[in-house]
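# Secondary and tertiary structure notes
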Amino acid sequence: MPGGGAVLAAVAGGLGTGAFVWRGLYPTLMDDIKTIYTTRKPQAVTARDVASWRFVIDMFEETSRLHPERVFIVFEDKNYTYAMVDAMANRVANVVAAWNLTVGETVAIMAYNSPEFLWTFLGVLKLGLAGTFINYHLQEEPLIHSLTASRSRHLIVGRGLPKPAIISQGKGIRQTHGYRAIDFSHQDVTYVVTPLYHSAATCVGVFNTIGEGATIVLRRKFSASHYWEDVRKYKVTVIQYIGELCRYLLRVPKHPLDGVHSIRAAFGNGLRSDIWDEFKTRFRIPQIYEFFGATEGTALLMNCCNKVGAIGRWSPIIRWVNGGKSGFHIVKFDPVTEQPIRDKEGKCIPIQPGESGLLLAVKPPNTVTFYLGPKAMNEKKLMKNVLQLGDEFFNFGDLVYLDHDYYVYFRDRIGDTFRWKGENVSTTEVANVMTQLNFIHDVNVYGVSISGSDGRAGMAAVQLEEGYELTSSILSELYSHVVGHLPHYARPVFIRVVQEFNTTQTMKHQKLRLVEEGFDVEAVRDPLFVINNQSKTYEALTASNIGTILTARL
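This section reports on the structure supplied with the text.

About the cut-offs
- Residues numbered from 1 in each chain as written.
- Predicted model: local features only at pLDDT ≥ 70, side-chain atom pairs only at ≥ 80, totals over all residues.
- Heavy atoms only, no water.
- Buried < 20%, exposed > 50% of the residue type's maximum accessible area, 1.4 Å probe, protein only.
- Helix = DSSP H or I, 4+ residues; strand = E, 2+ residues; numbered from the N terminus.
- Pairing = 2+ DSSP bridges.
- Phe/Tyr/Trp six-rings, centres within 6.5 Å; stacked < 30°, edge-to-face > 60°.
- Axes fitted to C-alpha atoms, helices over the stretch in contact; angles between N-to-C directions.
- Contact = heavy atoms within 4.5 Å.
- Salt bridge = Lys/Arg side-chain N within 4 Å of Asp/Glu carboxyl O.
- Parallel < 35°, antiparallel > 145°, perpendicular 65-115°, else oblique.
- Left-handed = near helix turned anticlockwise from the far one by under 90°.

### As for the pairing of strand β25 (residues 528-532)
Burial analysis of β25 places five of its five residues in the buried class, which makes it a mostly covered element. Of the two faces of β25, the one lined by L528, V530 and N532 and the one lined by F529 and I531 are each fully buried. Bridge count for β25 against strand β26 (residues 537-540) is four bridges, and the pairing is antiparallel. In the sheet register, N532 faces β26, and the bridge partner there is T537. Where β25 folds back on β26, the antiparallel hairpin that results is connected by four residues, among which K536 adopts a positive phi of roughly 55°.

### A closer look at the packing of aromatic side chains
Following the criterion strictly, the structure yields 28 aromatic pairs and no others. With centroids separated by 4.2 Å and ring planes inclined at 40°, the aromatic side chains of Y112 and Y136 adopt a geometry described as tilted. Of this pair, Y112 sits in the loop between β3 (106-110) and α7 (115-126) while Y136 sits in the loop between β4 (130-133) and α8 (140-150), placing them 24 residues apart in sequence. Taking the relative accessible area as the measure of exposure, Y112 reaches 21% and is therefore partly exposed. On the numbers, 5.5 Å between centres and 65° between planes, the contact of F279 with F283 is edge-to-face.

### Things to note about unusual backbone geometry
Leave glycine aside and you will find that most residues have negative phi; peptide bonds, for their part, are mostly trans. If you check the backbone angles, W53 has positive phi at about 50° while not being a glycine. Positionally, W53 belongs in the loop between α4 (43-52) and α5 (56-66). Residue class for W53 comes out partly exposed when judged on its relative accessible area of 48%. One non-glycine residue, D183, lies in the positive phi region at around 60°. Relative to the elements of secondary structure, D183 occurs in the loop between α9 (169-175) and β6 (189-192).

### Considerations on the sheet that holds strand β10 (residues 288-292)
Spatially, β2-β1-β7-β6-β8-β9-β10-β11 is the arrangement adopted by the eight strands of the open sheet, whose pairing is mixed. In the strand order of this sheet, the two ends are held by β2 (78-81) and β11 (301-303), each with one partner. For this sheet the average axis-to-axis angle between neighbouring strands, irrespective of direction, equals 20°. Examined bridge by bridge, strand β1 (residues 71-75) and β2 share four bridges and lie antiparallel to one another. Note that in β2 the partner of V71 across the bridge is T81. The strands touched by helix α12 (residues 243-251) are β8 (238-242) and β9 (265-269); relative to β8, the strand with the most contacts, the crossing angle is about 100°.

### Some words on the pattern of salt bridges
Opposite charge on two side chains allows them to pair when their charged atoms are near. As enumerated under the stated definition, the model contains 22 salt bridges in all. Among the ionic pairs, R496 bridges to E517, the shortest N-O distance being 2.8 Å. A residue pair is termed long-range when its members are at least 10 positions apart, and R496 in strand β24 (residues 494-498) and E517 in helix α18 (residues 507-517) qualify at 21 residues. Here E517 falls in the partly exposed class, since its relative accessible area comes to 23%. Between R513 and E517 there is a salt bridge; the shortest N-O distance is 3.6 Å. Taken as a pair, R513 and E517 lie in helix α18 at a separation of four residues, close to a single helical turn. Take R513: its relative accessible area is 39%, and that puts it in the partly exposed class. Salt bridges here are not isolated pairs; linked through shared partners, they connect R48, D49, R54 and E62.

### Remarks on the packing of α5 against helix α6 (residues 82-97)
Two elements in contact, α5 and α6, have axes whose closest approach is 8 Å; the angle formed by their N-to-C orientations is 125°. Considering the angle they form, α5 stands oblique to α6. The hand of the α5/α6 crossing is left-handed. Counting all contacts with α5, which are made through F60, E61, T63 and S64, the residues of α6 involved are Y82, V85 and D86.

See below:
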């Protein structure tokens, strides 16, 4: 089969005077060509660096040596050059070296966004150690779990249950050049306001900055009211977003300077169709690059054609160019069993345009594990016998939709996690915390959609122990318990009190019905409650107050 370059040349040559014919037969052909061309830009330099094992820390030290006075970080109106950050990273390395750790061991880092976070991480990398980022929102059991799972003997503190995803050196190299797809260079300035413990901030924002020797503007915490002020002040050219961030920015009152800036591209994930055009138009964003991937994932989709709501393309041409042994596959899925539908030979069945399915990616032969942790955790992310007996694919655990123009759209997460406030929530973690209360017999935790919000808000269907009812004192105790044991994004927003769970159905089967009914006060006959952070309790949710609560509080 010819290589990608040959394919592009052949296609381009085939257009010529027959361009109109091609577009008539296949209207989105140019989108295929643009997608293939754009996504392949990083490949040559990535292959070179992987072959020579030019690690992220090597790239940083090289820029520090060749361009010591170039600004690396802008933070709270102060410039930190590559030389300054390198010097501080060396000081960190000298301190950590005294701990007598061996190459490959992990050091946990728990800090807010700051230059200190980055030079601490770089200092750890200088010694051949792995930095493990700990979510600073965690407390009690989730925090203990994260520290234990990271296998770190030391914790550096700066001022689901979380899964410790592995980012190998090879993967780190590949992530430093992702922005080559958008022609990112040392002259660019990128802006990162999401927490650095998230891969979106570090692997996308920081690694690409280091890879090209560019400049990154950091903010300790996201501020919608100061966002565009910072963008203008620091002459930002590329912004990195998550969908929730865009929605918060649109809630800020309009300003005459909304579209006055130097931004040429926005790169991120989770920008939903309902606000895409408004965000692009109001803030005059020339190009939006919406991508789909996972920290532990083995491939990445990208929408580089400004197609509203899409996360990429999966056309016959793109599949042919990539070959069956690389890239993505989307297969039919049974929502009740939460397993792919297979043919009589036991192989998965690809979806057709107009259908939804489970997103899978080919597992590279050198990828052994995705997470630090028990073997079962890694096995859960593997899907075997997809195209042929014995093959292995990475299971994203996400459902996507393929339209008739071969654009792919995110539909929903499956399994035991959902996403809220930009964070992944483990239903098991929340259920385990809630069942610690002596008045709760059983609980089924799930995510529900709220109009005008990204992700899913937490909801818990609760069965009380015999003899209990949700009095005001118990509701207050429930509130205090979840606040004391769970980070803010994992606390159930809604509570539904059920008399009993149907023991003839699986919990998964029941969850489908619970999710479908959500917090619809007209459809649900069970008592419903909603969190009230001002009163520090859960209050009754009724037809008379639901409108006010959804608009004013959530």
